[in-house]
Amino acid sequence: YQDSDERDVKACYLLGANTYIQKPVDFDGLIAAIRRLKEYWFEIALLPMVESAYNPLALSSSRASGIWQFMPRTGAHYGLEQNFWFDSRRDVVAATDSALDYLQKLHADFGDWQLALAAYNWGEGNVARAIAKNRKAGRPTDYASLDMPDETRNYLPKLQAVKNIVRDPEKY
């Protein structure tokens with residue numbers, strides 16, 4: 001991707017880290033996380049904008065937390081400690097590393113980034129059941145063919161919209 005795209009993503013992460021984290025920012029860890037993000041689609045780096053507007057303190061009504069909106073159980077499974085005093089789902093660097101591990105696993109499970117992102121949003125079990133239901137009915141099992149909640153159906157278009165704005169802000 002273009003250098004300006006990477007610079008925009010870095011600025012978003014730095015803004016989030018400096019605005020919301022009350023402890024010193026681990027810039028080495030942040031740079032490592034950004035380098036790891038570069039291995040993925042540019043869109044993956046923008047996913048926290050859709051999830052939380054890059055707010056590490058974001059907390060959903062279903063108790064998902066941090067910029068990547070990890071559910072408590074999923075966060076714990078991916079090494080994000082949570083206790084009375086600390087919730088590492090709110091740690092930008094640790095959560096980014098865990099989110100990339102989780103997204104990599106979802107992509108390996110479903111073999112498709114659209115399905116992996118749907119699973120990230122809706123849950124891997126829900127996507128697997130929707131695929132099984134379509135397969136049993138002889139219907140296609142791609143993202144567009146699955147029955148899913150509106151929030152998940154609109155997830156990829158929201159991500160595309162953020163990407164369009166970041167790539168050409170003057171247009172929007």
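Once a new chain begins, its residue numbering starts again from 1 and follows that chain's sequence as written. Per-residue local features of the predicted model are confined to residues with pLDDT of at least 70, and side-chain atom pairs are confined, for both listing and counting, to 80 or more; whole-chain, interface and lining totals are unaffected and use all residues. For the side-chain quantities, the full set of heavy atoms in the structure was used; hydrogens and water were omitted.

### Comments concerning the pattern of salt bridges
Thought 1: Put simply, a salt bridge is a Lys or Arg side-chain nitrogen that is within 4 Å of an Asp or Glu carboxyl oxygen. Taken as a whole, this structure holds four salt bridges when the rule is applied.
Thought 2: Ionic pairing is found between E124 and K105, a salt bridge with its closest N-O pair at 2.6 Å. Taken together, the residues span a long stretch of sequence, with E124 in helix α7 (residues 124-136) and K105 in helix α5 (residues 92-110) at a distance of 19 residues.
Thought 3: Any residue under 20% of the maximum accessible area for its type is buried, any over 50% is exposed, and the rest in between are partly exposed; the area is computed with a 1.4 Å probe on protein chains only. Judged by relative accessible area, E124 falls into the partly exposed class, the value being 26%.
Thought 4: Given the relative accessible area of 29%, K105 is considered partly exposed.
Thought 5: We note a salt bridge from D147 to K133, for which the minimum N-O separation is 3.9 Å. Highlighted residues: D147 in the loop between α7 and α8 (150-153) and K133 in helix α7, separated in sequence by 14 residues.
Thought 6: Since its relative accessible area comes to 52%, K133 is described here as exposed.
Thought 7: Overlapping salt bridges bring together K105, D109 and E124 as one network. Runs of H or I in DSSP of at least four residues are treated as helices and runs of E of at least two as strands, each being numbered from the N terminus.

### A few points about the side chain of S52
Thought 1: Relative to the elements of secondary structure, S52 occurs in helix α3 (residues 42-52).
Thought 2: Assessed through its relative accessible area of 10%, S52 is described here as buried.
Thought 3: A distance of 2.9 Å separates the side chain of S52 from the backbone oxygen of I67, its partner in a polar contact.
Thought 4: By definition in these notes, contact holds between two residues if any of their heavy atoms fall within 4.5 Å. Aside from chain neighbours lying at most four places away, what touches S52 is A58, G66, I67 and Q69. In protein, a polar contact means a hydrogen-donor-capable atom and an acceptor-capable atom, both N or O and within 3.5 Å, with residues adjacent in sequence counting only if both atoms are side-chain atoms; elsewhere, any N or O pair within 3.5 Å suffices.

### Considerations on unusual backbone geometry
Thought 1: Backbone geometry at A53 places phi at a positive 60°, although glycine is not the residue there.
Thought 2: Take A53: its relative accessible area is 48%, and that puts it in the partly exposed class.
Thought 3: Phi at R63 is positive, roughly 75°, even though this residue is not glycine.
Thought 4: Relative to the helices and strands, R63 is located in the loop between α3 and α4 (72-77).
Thought 5: The exposed category is assigned to R63, whose relative accessible area is 54%.

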